[in-house]
Amino acid sequence: MFLFNSLRKAYFPETDFPERHVDKEKCSKCGRCYETCPTHGYRWRKGDFPEPVGYGEFKAACLNCGNCIAVCPTDAITINGSYSVKSGRYQNYLLKKVSPPDPLGLKGKKQYKDFKENLSKVEQAIYSRRSNRLFKDKQVPKHLIERILEAGRFAPSAGNCQPYKFIVITDQQIIREYEMRSMKILKQYKDLYLDTEGNRPWWKRILVMAMITFSSWIMVNKVDPRPITAMHKAYKNNEKIHFNAPTVIMVLKDKRGISNPDLDAGICAQNMVLAAHSLGLGTCYISLSITPLNYPIMRSFRKKLGISYPYEAVTSIAIGYPKGKIDGIVKRDTPPVAWI
Ligand SMILES: Cc1cc2nc3c(=O)[nH]c(=O)nc-3n(C[C@H](O)[C@H](O)[C@H](O)COP(=O)(O)O)c2cc1C
Ligand code: SF4
Ligand code: SF4
C-alpha cells in the first residue's frame, strides 16, 4: 500500500489548488482568461462562459498566477486560496500566504492604486508587469528591439563574463516551424499523462506510473506535471507555443561562463523584459520549447538558427504589442525569509 501511494504521489502529487470563480452576471464571454492562462485552467468555446477545469486527476490546473484576473475586462474572476504541492519530488515550501504587493509594509491598509505614486518607476514596472499571451498582429519596430537588447547587454554577470548570445526571430515561418517541431517532442511527454478527456486501460496506467515515477526521481523539473497542462494548452491552441508573438528573442548562454551562466542569462533576460514593459510592450518568457530545442533530434533546426557550441538556449521571450489590458496587480505567495 505504501509503495502504491508513493507511486501515485509521484505520478499525481498531492496538490492544493485555489478556488476559482467566474461571475456569470459580469462575464462578457470574451475568452481572454482562457487564452492567457499558462495552463489548461479553463475550458471555453466562443460564445460560452469559461469554466475552470482540472487536468487528468488534478481537480484544477491552476498555478495561481493571477493572469486571468489581470486580463479580465469585467472583473468577473475571483480566486481564493493558494497553490502548493505537498508531497513528492515537486514539493514546494511556499507559506500559503497569498497577498498583493506591499513594498511599504502597509499590511493592506491601503490599496496598491493609493500608494502607487509613492513607488519608483522601476518598482511600478516590477509590480504591474504580467506575462502577456495576447498579442496584436503588429511587428515591433527594429529600433525598439535594439533598445531591449541593449538593456540585456548592461546586465550584471559573474566576473563580468557576459556569457550571452541573442537570437532575434521575426520571421513568422521560422517561429511556426520551431513550434511544430517542439510540439512533436512535447506531445510525447503530454501523452504520458492522462489528459482531461482521457481514460486509459489499467496496464497503460501502471506502465506510465512506473515510467513517470522513475523519470521524475532522476529528472526533477523536467518531468513535472505542471508544464504538462501547459503542453496540453499549447496542443489545443493550434500548437501556438509563442502565442502569435511577432518577435521572439532567444537568450543563449556561453557554457564556459564563470560560475553560473544560467543565472547570468536569467538576469539579462529580466533586464530585457522590464525594458520592454517600460516601452509599452508585452512579453512572456517561453521555456516550453527550449527543452526540445536542446534535444539531439533538433540538431538541424539549431543549425538553422545558428546555435552551436559553446552556446545553448536558456529561455526565450515572446514580445509584441499587447492586445487589450494585460498588466495588472495580482497576489503572490510568500517565500520563507530568514533574517540573521
Ligand atoms: C523561465 C521562465 C519560463 C517560462 N516559460 C513559459 C512558457 O513556456 N509558457 C508560458 O505561457 N509561460 C511561461 N512562463 C511565464 C510564467 O508562467 C509566469 O511568469 C508565471 O506564471 C507568473 O506570472 P506573471 O509572469 O504574469 O507574473 C515562464 C516564466 C519564466 C520565468
Ligand atoms: S490564476 Fe493563472 S493558472 Fe490559474 S486559472 Fe488564472 S491564469 Fe490560469
Ligand atoms: S476574461 Fe472575464 S469576461 Fe472574459 S470570458 Fe473570462 S471571465 Fe468572462
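For the structure itself, look to the data block above.
Conventions used here
Residues numbered from 1 in each chain as written. Chains lettered and ligands numbered in written order. Predicted model: local features only at pLDDT ≥ 70, side-chain atom pairs only at ≥ 80, totals over all residues. Heavy atoms only, no water. Near = heavy atom within 4 Å. Nonpolar A, V, L, I, M, F, W, Y, C, P; charged D, E, K, R; others polar. Helix = DSSP H or I, 4+ residues; strand = E, 2+ residues; numbered from the N terminus. Phe/Tyr/Trp six-rings, centres within 6.5 Å; stacked < 30°, edge-to-face > 60°. Buried < 20%, exposed > 50% of the residue type's maximum accessible area, 1.4 Å probe, protein only. Polar contact = N/O pair within 3.5 Å; in protein donor to acceptor, adjacent residues only side chain to side chain. Salt bridge = Lys/Arg side-chain N within 4 Å of Asp/Glu carboxyl O. Pairing = 2+ DSSP bridges. Axes fitted to C-alpha atoms, helices over the stretch in contact; angles between N-to-C directions. 1 Å grid on protein atoms, 1.4 Å probe; cavity = no way out; pocket = protein on both sides within 12 Å on 5 of 7 lines; lining within 4 Å. Points joined across faces, edges and corners; volume = space filled by probe spheres on them. Core = buried A, V, L, I, M, F, W, Y, C linked by side-chain atoms within 4.5 Å. Contact = heavy atoms within 4.5 Å.

Student: Got a minute to help me understand the site of ligand 3 in this structure?
Tutor: Within the structure, ligand 3 sits among 14 residues, and Cys27, Cys30, Gly31, Cys33 and Cys72 are positioned closest to it. Here the shell around ligand 3 is built from residues that sort into nine nonpolar, three polar and two charged.

Student: Help me out: how do you make sense of unusual backbone geometry in this one?
Tutor: Outside of glycine, negative phi angles account for most residues, and trans bonds account for most peptide bonds. Following Tyr309, the chain continues into Pro310 via a peptide bond in cis, with omega recorded as 10 degrees. Structurally, Pro310 can be placed in the loop between α12 (299-305) and β10 (311-320). In this structure, Asn160 is a non-glycine residue whose phi angle is positive, near 50 degrees. A positive phi angle, near 55 degrees, is found at Phe243, a position not held by glycine. Residue position: Phe243 is located in the loop between α9 (225-236) and β8 (247-254).

Student: Before we go on, may I ask you to explain the packing of aromatic side chains in this structure?
Tutor: Note on aromatic pairs: each is described by the distance of the centres and the angle between the planes. Tallying each qualifying case throughout the model produces six aromatic pairs. Ring geometry for Phe17 and Tyr83: centres 5.7 Å apart, planes at 45 degrees, overall tilted. Of this pair, Phe17 sits in the loop between β1 (15-16) and β2 (19-22) while Tyr83 sits in the loop between β5 (77-80) and β6 (84-85), placing them 66 residues apart in sequence. Each member of the pair, Phe17 as well as Tyr83, is classed as buried. Between Tyr164 and Phe166, the ring centres sit 6.1 Å apart and the planes meet at 15 degrees, which makes this aromatic pair stacked. Tyr164 sits in the buried class, given a relative accessible area of 12%. Among the residues examined, Phe166 registers a relative accessible area of 24% and is labelled partly exposed.

Student: Would you explain the site of ligand 1 in this entry?
Tutor: The environment of ligand 1 is made up of 14 residues, and the closest members are Arg130, Ser131, Arg133, Leu288 and Arg332. Contact between ligand 1 and Ser131: an oxygen atom at 2.5 Å from a side-chain N or O atom of the residue. Between Arg332 and ligand 1, the recorded distance is 2.5 Å, taken from a side-chain N or O atom to an oxygen atom. Element by element, the count of residues in the shell around ligand 1 is highest for strand β9 (residues 282-286), at three residues.

Student: Would you take a moment to explain the pattern of salt bridges for this structure?
Tutor: Charged atoms that come close allow side chains of opposite charge to pair. This structure, assessed with the given rule, holds twelve salt bridges. Among the salt bridges present, the one from Lys253 reaches Asp262, with a minimum N-O distance of 3.0 Å. Residue Lys253 is classed as buried on the basis of its relative accessible area of 12%. With relative accessibility at 35%, the residue Asp262 sits in the partly exposed group.

Student: Would you mind going over the sheet that holds β9 with me for this structure?
Tutor: Two pairing modes exist for strands in a sheet, parallel and antiparallel, and in both the strands are linked by backbone hydrogen bonds. On the basis of which strands lie adjacent, the open sheet formed by four strands has the order β7-β8-β10-β9 and antiparallel pairing. Pairing within the sheet leaves two strands with one partner each, and these edge strands are β7 (164-169) and β9. Ignoring strand direction, the axes of neighbouring strands in this sheet form an average angle of 25 degrees. For β8 and β10, the ladder comprises eight bridges, and the chain directions are antiparallel. Counterpart to Ile249 in the pairing with β10 is Ile317.

Student: Explain the layout of surface pockets here, please?
Tutor: Taking a probe equal in size to a water molecule and rolling it over the atoms shows the remaining empty space. Considering only enclosed or pocket space, the largest pocket measures out at about 1,600 Å³ in volume. Lining the largest pocket are 43 residues, and of these Leu63, Pro227, Tyr285, Ser287 and Leu288 sit closest to its centre. Secondary-structure elements contributing two or more residues to the lining of the largest pocket are α7 (172-192), α9, β9, α11 (290-293) and β10. No other element matches the six residues that α9 contributes to the lining of the largest pocket. Class assignment of the residues belonging to the lining of the largest pocket gives a composition of 22 nonpolar, eight polar and 13 charged. Roughly 440 Å³ of volume is contained in the second largest pocket. Forming the walls of the second largest pocket are 20 residues, and the residues nearest its centre are Ile69, Ile79, Ile329, Val330 and Lys331. Those elements that provide at least two residues to the lining of the second largest pocket are α3 (67-71) and β5. If you tally residues by element for the lining of the second largest pocket, the top one is β5, at four residues. Residues that form the lining of the second largest pocket fall into these classes: eleven nonpolar, six polar and three charged.

Student: What should I look at first to understand the nonpolar core in this one?
Tutor: One broad rule of soluble globular proteins: the nonpolar side chains tend to lie buried together. By size, the foremost hydrophobic cluster in this structure holds 27 residues, and its most contacted members are Tyr193, Ile241 and Leu288. Among all residues touching Ile241, those that are not within four sequence positions of it are Glu179, Ser182, Met183, Leu186, Ala234, Ile286, Leu288 and Ser289. Counting residues in each nonpolar core, the second largest holds 19 residues, with Ile148, Ala269, Ala276 and Ile319 among its members.

Remember that the coordinates give geometry; whether it matters functionally is a separate question.
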